[in-house]
Structures are given as structure tokens and as C-alpha cells.
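Architecture at a glance
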Amino acid sequence: MPTVTRPHLLECHECGTLQRLPAMPPGARAACATCEAHLRRTRADPFSAPLALNIAGLVLFAIGTGWTLLSVSTAGQSRDADLLTGPREMGHFGLWELGAVVLATTVAAPLARIAATTAVLVSLRLRHRPPGIPALFAWTEHLRPWAMVEIFLLGLFVAYVRLSDIAHIDLGPSIAALAALTATSFAADTLLDRHAVWEALDAKKPRPNRPPRAATLLGTKTIRMGCDTCGLVSRGYDGAICPRCGFTLHHRKPNSLARAWALTLAAAILYIPANTYPILTVIRFGAGQPSTILEGVRELLEAGMWPLALLVFFASIAVPVLKLFGLVLLLITAMARVRARRRDRTALYRIVEAVGRWSMIDIFMESILVALVQFGAIVTIVPGAGAIAFAAVVVLTMLAARAFDPRLIWDRAAPAPAGPVPAGPASEGPAQSAAA
Ligand SMILES: [Zn+2]
Ligand SMILES: [Zn+2]
């Protein structure tokens, strides 16, 4: 394994600038010369620590799913909940879509991601690479935003505080395992140099091999394109298959503006039922008290828990609204080919993409409350239809942010007046435009 990387071409995934990354020593960071997006950070030993952390993550995940999260007791009855109880109870109440979203984001996506990354890093230590490893590694990249264990823990904390006046609560060993899992996953992601993994996979390619370029159709103009999944720059036509990871190559995300508009408008419409229908109903001695998201915030305020009320208000009410406004602003300015503040708009895109998942706090809180508070006539919590609409808003805005191509901010604008381009710490100036 060379300690200094080979220079290679890279297309910035945020502004589309094609640039040559120089040879990088361990511990160096490259940023885009045009928009300052993070491009690559090299590590002295890029594989050992992430492998150890991912194996630890698998063990922690087994503990996290196999043991109890919380136990509650009230009036002589007690109930336990693990990671799977919430989705199951939501299914019992007929809200299986909600149960499926919770199961996918707290169990399926995190487990698939850790297991796939472990398998890829183990395969790098084998003499012969098993088939399918590049596709497996490509999928870990697409699963990244959907693995939400850290957000689930925050939802659990909110549920714990809300439960403390209904029942007596005991914390289970699973909580500690999930907290440790959050730390190992974060460390593993930070320490893994994904470009180094792709380069090592390229070096282990089984022979014989096809030439590393996509097929050329007669009469089709080929251009240099960076793969959105693995980052390889190859020459091909729009819609060709990436020779490295097997995903489809696109000069720009197909129908980006139309798809992003459709998803944003759908989310904006669903935001109304999400806030007017109850997300849950607490039934005490046969009498129900439905509560919407805003009423949940008010209950926390009335109980004197204003930091928590602020957190839920920010995650469940402020973030979705800001995301919708942010997306509309990005879409309108991209369509109008506005040239002003392109860096600021790219930063806005980064924020919109990063914060959206945190709105799931309320859904996870509800999943835990519904799992635990089933004490028949004494007190029962029933999920409400508002929760499905709210989960749909979160998922649709996440999909809208992914459908929007931030490169449209840059290449739809007229060329900027000539001037010095500030270079990133370890990057060269743009080599040439992607459309060249
Ligand atoms: Zn850039
Ligand atoms: Zn690729």
C-alpha cells in the first residue's frame, strides 16, 4: 500500500469542476478549488482502524437488537421494548408503513451498511477478490443517509422524559450498546478513505479484464464524467455504465429539477396533515387525548422541560419548513440561472441535505412510546395518522435534496468574470470544465 497517493482526476460532486488531485501524503485534505467542497482526506493506515471499528459495530449491533432498550412499569404491570417492538406495535395498529420506515432506518440500513463495509475491508486482505465487492461498496455509499441509529437515540431520550411522569422506567443494556455503536460508526466513517478503498479494489481486479472505458455508441458524443457513486472519471456517454462500480453514469442527475420540484411540492402538501392530524393519542382510563406535533412541544414546555421542547420544535417544525423553503429557493435560482452567491447556495444545499434526517426524532419517539405504553384500560398510547404524513414529509424532502443536482447552481450560470480562484489546501486549480 503506497503511503503517498497517485495523482488522479476527480469531478467535484457539488459544482462539477473536473480537477486533478495531486499526490497526497497521509493526513492531507483536498478541497474543491471552485466551491470548497470536501474531496478527499488521506490516512496513514486507511483500512485497519475502520475494519476494527466496523467489526466492533457488528458486535454492538447484535447486543443492541437482542437485548432490552427500556422497561416500564405502572400499576403492577410491566413491559419491555427492544428495537423491533415499536415497528411491530405500529403494524398492530394498522400503520405498517410507519413501522417499515422505523425498521428500515434503525435496523436494516445500519446493519446492511456495517456488514457490507466489513465484508469489503476483509476482502482487501484476501489474495483473490470475491465477485460483487465493488457493487457492495457502492451500496454502502447510497445507504449512508438512511442509517439513523444516532437520531433514534435522541428520540429515545425524548420518549424517556415524556414517559417519566406516566410510569417507572428502567434503562436496558441495549441503550449503551447503541450509544457505543453510534460512536464506532462515526469514527469508522471519519477514518475511512473511500478513494483508497476504490484504488485498492482496482488493483485487485480479477484478470482478464475489459478496457476501463464505457462502450462508445456510433454517433454519440462522449464526454468525461465523474461517477456519482465511486468518483472514477471516465469517458463515456450519458447513461453508460461506470466501469468501476457498475452504477449508471450521468453528466448531471437526470430530470433533476422536475424530480426535485415534484418531491418538494408533495412534501409541502403533506406538511399540512402532518401538523393538523394527531401524531399520537394517550388514552387514560378510556378517555383519549390526541396530540399533534405542536401540542407535544407545548406539553414539554408545560412540564418545564424547555430544552427538550426546543429540540423537538427545532427538529420537527423548524427544520422541515426551512428545508422546504431552502429547496424552493435552490430550485428557483437554478431555473432562473441566477449567478449571485453560488458558494452560499452550495452551502445551503449542504445544510438542507445534512439536517433533514434529524426530523425523524418525533417518529422514533412515537415508536418507543407505542411499544411501551400498552397498559390496557389504565394507559395506552395509540399512533395517529399525522405520524404517517410527517414521516412522508421527512422522507420526501430527503429524496428531493438527493434529486436536486447542486452542479446546476454552477453550470447554469453564465461564466464568472476572470479572477484569482482560491485553491483548497491540497488541490490544484480546475483542470478543465466537465463539459469540455
Ligand atoms: Zn466544487
Ligand atoms: Zn462508479
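Above this text you will find the structure in question.
Notes on the structure follow. As the structure is a prediction and not an experimental result, all values here were calculated from the model.

1. Concerning the coordination of the zinc ion (ligand 1)
Within the protein, the zinc ion (ligand 1) binds to C12 (SG), C15 (SG), C32 (SG) and C35 (SG); these donor distances fall in the range 2.2 to 2.3 Å. Coordination at the zinc ion (ligand 1) comes from four donor atoms whose angles at the metal span 101 to 116°, giving a geometry best classed as tetrahedral. Going along the chain, you hit the donors of the zinc ion (ligand 1) in the pattern C-x2-C-x16-C-x2-C. Within this pair, whereas C12 is found in the loop between β1 (8-11) and β2 (17-21), its partner C35 is found in the loop between β3 (29-31) and β4 (38-41), the two being separated by 23 residues in sequence. The burial state of C12 is the same as that of C35; both residues are buried.

2. Comments concerning the sheet that holds strand β6 (residues 77-81)
Read across the sheet, three strands follow the order β6-β5-β7 without closing on themselves; strand pairing throughout is antiparallel. Strands with a single pairing partner mark the edges of an open sheet, and in this sheet they are β6 and β7 (168-171). Ignoring which end each strand starts from, the neighbouring axes of this sheet average 15° apart. Where strand β5 (residues 70-74) meets β6, five bridges bridge the pair, whose relative direction is antiparallel. Across the sheet, residue S71 finds its bridge partner in β6, namely D80.

3. A few points about the side chain of T117
Examined against the element boundaries, T117 turns out to sit in helix α3 (residues 96-123). Residues in contact with T117, not counting those within four places in the same chain, are N54, T140 and L192.

4. A closer look at the packing of aromatic side chains
In this structure the tally under the stated criterion is four aromatic pairs. Taking the centre distance of 5.9 Å and the plane angle of 50° together, the rings of Y349 and F404 count as tilted. Highlighted residues: Y349 in helix α11 (residues 342-355) and F404 in the loop between α13 (385-403) and α14 (407-411), separated in sequence by 55 residues. Of the two residues examined, Y349 and F404, each falls in the buried class.

5. With respect to unusual backbone geometry
The phi angle at E36 is positive, at roughly 70°, despite the residue not being glycine. Here E36 lies in the loop between β3 and β4. Of note in this structure, N255 is not a glycine but carries a positive phi near 50°. Residue placement: N255 occurs in the loop between β9 (233-236) and α8 (256-276).

6. Examining helix α2 (residues 85-92)
Looking only at α2, the buried set comprises T85, G86, P87, E89 and M90. Those residues of α2 that are buried are in contact with β6, α3, α12 (361-372) and β12 (374-375). Immediately downstream of α2, the backbone of G94 shows phi near 85°, a positive value.

7. Comments concerning the side chain of D405
Tracing the sequence through the fold places D405 in the loop between α13 and α14. Of the polar contacts made by the side chain of D405, one reaches the backbone nitrogen of K253; its length is 2.7 Å. Polar side-chain contacts of D405 include one of 2.9 Å to the side chain of R407. What D405 contacts, discounting residues up to four positions off in sequence, is R252, K253 and S256.

8. Considering the packing of helix α5 (residues 149-163) against helix α6 (residues 173-191)
Packing of α5 against α6 brings their axes to within 9 Å, and their N-to-C directions diverge by 140°. Judged on the interaxial angle alone, α6 and α5 are oblique. Crossing of α5 over α6 shows left-handed handedness. Each of V149, E150, F152, L153 and L156 in α5 lies in contact with α6, whose residues at this interface are I175, L178, A179, L181 and T182. Partitioning the contact of α5 with α6 into residue classes produces eight nonpolar, one polar and one charged.

9. Some thoughts on the coordination of the zinc ion (ligand 2)
Here the zinc ion (ligand 2) is held by the protein donor atoms C227 (SG), C230 (SG), C242 (SG) and C245 (SG), which lie 2.2 to 2.3 Å from it. In terms of primary sequence, the donors binding the zinc ion (ligand 2) are separated according to C-x2-C-x11-C-x2-C. Taken together, the positions of C227 in the loop between β8 (223-226) and β9 and C245 in the loop between β9 and α8 put the pair 18 residues apart, joining distant regions of the chain. For C227, a relative accessible area of 6% translates into the label buried. A residue is classified by how much of its surface remains accessible, and C245, at 5% relative accessible area, is buried.

10. Focus on the pattern of salt bridges
One pass over the structure, following the stated rule, counts 19 salt bridges. Put simply, R357 and E150 hold a salt bridge, and the shortest N to O gap is 3.1 Å. Of this pair, R357 sits in the loop between α11 and α12 while E150 sits in helix α5, and the two are 207 residues apart along the sequence. Of the residues examined, E150 reaches a relative accessible area of 22% and is grouped as partly exposed. The closest approach of N and O atoms between D344 and R341, which form a salt bridge, is 3.0 Å. For D344, a relative accessible area of 42% translates into the label partly exposed. Overall, the relative accessible area of 60% leaves R341 in the exposed class. Among the charged side chains, a network of salt bridges with common partners joins E11, D228, R252, D405 and R407.

11. Some words on the nonpolar core
Counting residues in each nonpolar core, the largest one holds 97 residues, and the members touching the most others are F152, L178, I363, L372 and F404. For this core, the element with the highest residue contribution is α13, accounting for eleven residues. Once residues lying within four places of it in the same chain are set aside, the contact partners of L178 are G64, L69, L83, V149, F152 and L153. Listed in part, the 22 residues of the second largest apolar core include L124, F137, M225 and F247.

Thresholds applied
Residues numbered from 1 in each chain as written. Chains lettered and ligands numbered in written order. Predicted model: local features only at pLDDT ≥ 70, side-chain atom pairs only at ≥ 80, totals over all residues. Heavy atoms only, no water. Donors = N, O, S within 2.8 Å, 3.2 Å for Na, K, Ca; no water. Tetrahedral: all angles 85-135°; square planar, octahedral: opposite > 155°, others 65-115°. Helix = DSSP H or I, 4+ residues; strand = E, 2+ residues; numbered from the N terminus. Buried < 20%, exposed > 50% of the residue type's maximum accessible area, 1.4 Å probe, protein only. Pairing = 2+ DSSP bridges. Axes fitted to C-alpha atoms, helices over the stretch in contact; angles between N-to-C directions. Contact = heavy atoms within 4.5 Å. Phe/Tyr/Trp six-rings, centres within 6.5 Å; stacked < 30°, edge-to-face > 60°. Polar contact = N/O pair within 3.5 Å; in protein donor to acceptor, adjacent residues only side chain to side chain. Parallel < 35°, antiparallel > 145°, perpendicular 65-115°, else oblique. Left-handed = near helix turned anticlockwise from the far one by under 90°. Nonpolar A, V, L, I, M, F, W, Y, C, P; charged D, E, K, R; others polar. Salt bridge = Lys/Arg side-chain N within 4 Å of Asp/Glu carboxyl O. Core = buried A, V, L, I, M, F, W, Y, C linked by side-chain atoms within 4.5 Å.

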